[in-house]
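So the chains spell out like this:
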Amino acid sequence: MAAAGGSATIVEYFGGEDGYRCGYCKNETGNLSHGMWAHSMTVQDYQDLIDRGWRRSGKYVYKPIMNQTCCPQYTIRCQALHFQTSKSHKKVLKKMLKFLSKGDASKVVSEEEPMDSHIEDVVACDLAYKGESHVSQSELTPLSVDHTERVENEDQHTGEKKEEGNVQKVESDSLQLHADKETPVPGEPSHSAKVVHAPPKPGKGADLSKPLCRKAKDIRKERKLQKLLQNQTCTVEGSQLQAADQVFLLQNSKSKTNQPKTIEDFVFVSLPDDAQHKLEVRVVRSSPPSSQFKATFQESYQVYKRYQMVIHKDPPDKPTINQFTRFLCDSPLEAENVPNGPECGYGSFHQQYWLDGKIIAVGVIDILPYCVSSVYLYYDPDYSFLSLGVYSALREITFTRQLHEKAPDLCFYYMGFYIHSCPKMRYKGQYRPSDLLCPETYVWTPIEQCLPLLEHSKYCRFNQDGKAVDEGRIKELGRVRVLHKRTVMPYSVYKKRRKGPSDEASVQQYASLVGQTCSERMLLFRS
């Protein structure tokens, strides 16, 4: 996958902050994290960062100091392609179906039902205001490529490999996703090879150039699917294939008899002709804002404002348009559209839930090379009885599976952080199968193996191989890319030019946290 716009990731690193109030255990100074302000960021860089424990809130990107913070936050991902719908998940999906079909507004919520927690919302919202950058845009614009190349070639005597000054080329090269997948496997047909069937000779079998005869049962099933899609749809901007994708998923969800039902069997259920309500899910690009996003901005904001006031008890003057924009609309992610990617492209989006022509909920998501990453959810409190936190998570898992049909590498659903030390935040572990990220070696470990360890200690190294190390750790500090006085240069050159006290300790910390690969791709701003 090549970058679409040619913009590089540019960040300002703020280091480890003083402790601040924890939204989970209420410790006044126990929450500790490293943070940086992202002026711009490619989707591949952000994918690599969240795979090292980072997470964004607006344009602020932060990483908990896991062995020091009061409530360790482990990155959690669900294996969407193998998702197993639990009994409580089915109850939520059936409740929505009953409401759409009959208008049943039963507000009794089962106690064992995995509800979404609102604690994390407050924590993420507060982080959007930390460490805001005050650097002017002109300082962030690199000079000509020729000038950059001259600077990078200064460092002849260090023996380092000369780095490319062309930001666009570096970004293009760095965003190749599993190119080896195109290499034919011995004994298997190439993906690019076309299978052509010659018409058979008379009496030698079926004519494969003609469509197969179809059973009446299959024809009735397809008509039923088409009917349900008219009642319950999911649309993506600029995509005419979404309904077809839903049909494809449904038709393949039970290819074998007596197979357990998949999530699609519960989400895309045929509604009766006299259904009381119509639900539509629309995916609109939030950054840069699309025309559809702009047209629905005010209505979406009003839902957010009501959510903050009713659920979080915010005073009316707190959930301002400015706060809403900075927290849930602004994103550093560069929009990218590639031939083998999703129809809607990669980047930041709002997934809007429209009930009878009005927005009742919005899921804020990032679509990345390997995953859909859930950022936030807000909804109309009048519809709390529909368990919209759980329902939206199940729809986002379904959406991930849909995107996978067009983008094969995209197969995970990231749910943010799992916090075992806070019982109300354990609900994310109920979306199975899921993995937690080892905070030391950054390898994924099945959650079933992690839970016994977390029962004994709130901070754990999940990788049980004592000799295993962080394979992406920083090895050459001099190769870290720096943006200084509008010029891109390796840190080895910047270090010689810098006047004043050394900043090597800060750069070393930054590089160790983002890893060697990202440190050589992203631009670290130095004033």
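Every chain is numbered on its own, with residues counted from 1 as its sequence reads. Only residues with pLDDT of at least 70 get local features here, since the model is predicted, and only at 80 or more are side-chain atom pairs given and counted; chain-wide, interface and lining totals rely on the full set of residues. For the side-chain quantities, the full set of heavy atoms in the structure was used; hydrogens and water were omitted.

K.L.:
What exactly am I supposed to notice about the packing of helix H1 (residues 43–50) against helix H15 (residues 504–521) here?
P.N.:
Angle between the axes and distance between the axes are the two parameters that describe a pair of packed helices. Geometry is summarised by axes, namely lines fitted to C-alpha atoms with helices restricted to the contacting stretch, and by angles between N-to-C directions that run from 0 to 180 degrees. Numbering of helices and strands starts at the N terminus; helices are DSSP runs of H or I of at least 4 residues and strands are runs of E of at least 2. Two numbers describe how H1 lies on H15: the axes approach to 10 Å, and their chain directions differ by 160°. Here H1 lies roughly antiparallel to H15, going by the angle between them. For the pair H1 and H15, the sense of crossing is left-handed. Contacts from Gln44, Asp45, Asp48 and Leu49 of H1 reach H15 at Val514, Cys518 and Arg521. Residue polarity is assigned by list, with Asp, Glu, Lys and Arg as charged and Ala, Val, Leu, Ile, Met, Phe, Trp, Tyr, Cys and Pro as nonpolar; anything else, Gly included, falls into the polar class. When grouped by side-chain class, the residues that make up the contact of H1 with H15 number 3 nonpolar, 1 polar and 3 charged. For this classification, under 35 degrees means roughly parallel, over 145 means roughly antiparallel, 65 to 115 means roughly perpendicular, and everything else is oblique. Helix crossings are classified by the rotation of the near helix relative to the far one: an anticlockwise turn of less than a right angle makes the crossing left-handed, while a clockwise turn makes it right-handed. Contacts are residue-level and defined by heavy atoms, with any inter-residue pair within 4.5 Å sufficient.

K.L.:
Looking at this structure, how should I read the environment of Val443?
P.N.:
Within the secondary structure, Val443 sits in the loop between strand E12 (434–437) and strand E13 (444–446). In the structure, Val443 is positioned 26 residues away from Val469 in sequence and 9.8 Å away in space, judged by C-alpha atoms. Ignoring sequence-local partners within four residues, the contact set of Val443 consists of Leu436, Leu437, Cys438 and Asn463.

K.L.:
I tried to follow the nonpolar core on my own but got confused; where do I start?
P.N.:
Of all hydrophobic cores here, the largest spans 121 residues; its most connected members are Met36, Tyr378, Tyr431 and Tyr510. In contact with Tyr378, not counting residues within four places along its chain, are Ser300, Val303, Tyr304, Tyr307, Phe324, Leu328, His350, Ala361, Val362 and Val364. Remark: nonpolar core denotes a set of buried residues (Ala, Val, Leu, Ile, Met, Phe, Trp, Tyr, Cys) joined through side-chain atoms within 4.5 Å. Each residue gets one of three labels from its accessible area relative to the maximum for its type: buried under 20%, exposed over 50%, partly exposed in between, using a 1.4 Å probe on protein chains only. Among the nonpolar cores identified, the runner-up in size contains 7 residues, and Ala8, Leu140, Val488 and Phe525 belong to it.

K.L.:
Looking at this structure, I do not really get the packing of aromatic side chains. What am I missing?
P.N.:
The geometry of an aromatic ring pair is captured by the separation of the ring centres together with the interplanar angle, meaning the angle of the planes. Pairing of aromatic rings covers Phe, Tyr and Trp, the last counted by its six-membered ring, and requires centre-to-centre distances within 6.5 Å; plane angles under 30 degrees mean stacked, over 60 mean edge-to-face, and any other angle means tilted. Inspection of the entire model under this criterion finds 20 aromatic pairs. With a centroid separation of 6.4 Å and 85° between ring planes, the pair formed by Tyr307 and Tyr376 is classed as edge-to-face. A residue pair is termed long-range when its members are at least 10 positions apart, and Tyr307 in helix H10 (residues 297–311) and Tyr376 in strand E10 (residues 371–379) qualify at 69 residues. By relative accessible area, Tyr307 is classed as buried at 0%. The exposure class assigned to Tyr376 is buried, which follows from its relative accessible area of 4%. By the ring-pair criterion, three or more aromatic residues cluster together here, those being Phe293, Phe297, Tyr301, Tyr304, Tyr307, Phe324, Phe327, Tyr376, Tyr378 and Tyr379. Geometry around Phe412 places Arg77 over its ring, the cationic atom sitting 3.8 Å from the centre. Here, a charge over a ring means that NZ of Lys or CZ of Arg falls within 6 Å of the ring centre while also lying within 35 degrees of the ring normal.

K.L.:
Explanation requested: the sheet that holds strand E15 (residues 487–490) in the structure shown.
P.N.:
By the convention used here, strands pair only if DSSP detects at least 2 bridges between them. Spatially, 7 strands are ordered E3-E4-E2-E1-E16-E14-E15 in an open sheet, and the strand pairing comes out mixed. The strands lining the two open edges of the sheet, one partner per strand, are strand E3 (55–57) and E15. Neighbour to neighbour, the strand axes of the sheet diverge by 35° on average, direction disregarded. As paired strands, strand E14 (residues 481–484) and strand E16 (residues 523–526) are joined by 3 bridges and run parallel to one another. Bridge pairing links Val482 to Leu524 in E16.

K.L.:
What am I meant to see in the pattern of salt bridges here?
P.N.:
Between side chains of opposite charge, a pair can form when the charged atoms approach closely. Note on definitions: salt bridges are taken to be side-chain nitrogens of Lys or Arg within 4 Å of carboxyl oxygens of Asp or Glu. Taken as a whole, this structure holds 19 salt bridges when the rule is applied. Residue Asp48 pairs with Arg521 through a salt bridge whose shortest N-O separation is 2.5 Å. On the criterion of sequence distance, the pair formed by Asp48 in helix H1 and Arg521 in helix H15 is long-range, its members being 473 residues apart. Across this residue pair, the class does not change: Asp48 and Arg521 are buried. The shortest N-O distance in the salt bridge between Asp435 and Arg77 comes to 3.1 Å. Residue Asp435 is found in strand E12, and its partner Arg77 is found in strand E5 (residues 74–79); the two are separated by 358 residues along the sequence. Arg77 shares its class with Asp435; the two are buried. One network of salt bridges, in which partners are shared, links Asp45, Asp48 and Arg521.

K.L.:
How do you make sense of H10 when you look at a structure like this?
P.N.:
Because an α-helix packs 3.6 residues into every turn, residues spaced three or four apart end up facing the same way. A helix is expected to span 1.5 Å multiplied by its residue count minus one. When the terminal C-alpha atoms of H10 are compared, their 21 Å separation across 15 residues agrees well with the 21 Å that a helix rising 1.5 Å per residue should span. Looking only at H10, the buried set comprises Phe297, Ser300, Tyr301, Val303, Tyr304, Tyr307 and Gln308. Along the long axis of H10, the arc covered by the buried residues comes to 160°, so they all point the same way. Positive backbone phi, approximately 60°, marks Lys313, located one or two places after H10. By construction, the arc corresponds to the directions joining the helix axis to the C-beta atoms.

K.L.:
Just to check I follow, could you spell out the pairing of strand E9 (residues 358–367) for this structure?
P.N.:
Along a regular strand, successive side chains alternate from one face of the sheet to the other. Summarising burial for E9: 9 of the 10 residues are buried, a large majority. Relative to E9, strand E8 (residues 347–355) runs antiparallel, the two sharing 9 bridges. Residue pairing in the sheet places Trp354 in a bridge with Ile359 of E9. The turn linking E8 back onto E9 is made up of 2 residues, and Asp356 within it adopts a positive phi angle of 50°. Here E9 pairs with E10 via 7 bridges, running antiparallel. The residue of E10 that forms the bridge with Ile367 is Val372. Between the end of E9 and the start of E10, which pair antiparallel, lie 3 residues.

K.L.:
What is the right way to read the packing of H10 against helix H11 (residues 321–329) from this model?
P.N.:
Between H10 and H11, whose axes approach to 11 Å, the crossing angle comes to 95°. Our classification of the angle between H10 and H11 gives roughly perpendicular. Facing Phe297, Gln298, Ser300, Tyr301 and Tyr304 of H10, the residues of H11 in contact are Ile321, Gln323, Phe324, Thr325, Phe327, Leu328 and Cys329. Classifying every residue of the contact of H10 with H11 by side-chain character gives 8 nonpolar, 4 polar and no charged.

K.L.:
Any chance you could explain helix H2 (residues 87–102) here in plain terms?
P.N.:
Taking 1.5 Å of rise per residue, the 16 residues of H2 would be expected to cover 22 Å, and the 22 Å separating its terminal C-alpha atoms lies within 8% of that figure. Those residues of H2 lying buried are Ser88, His89, Val92, Leu93, Lys95, Met96, Phe99, Leu100 and Ser101. Of the residues one or two after H2, Gly103 is the one with positive phi, at around 75°.

K.L.:
Help me understand the pairing of strand E7 (residues 279–287), please; the structure alone is not making it clear to me.
P.N.:
Across the 9 residues of E7, 8 count as buried, placing the element largely inside the fold. One ladder, built from 8 bridges, connects E7 with E8; its direction is antiparallel. Looking at the pairing, Arg285 lines up with Phe349 of E8.

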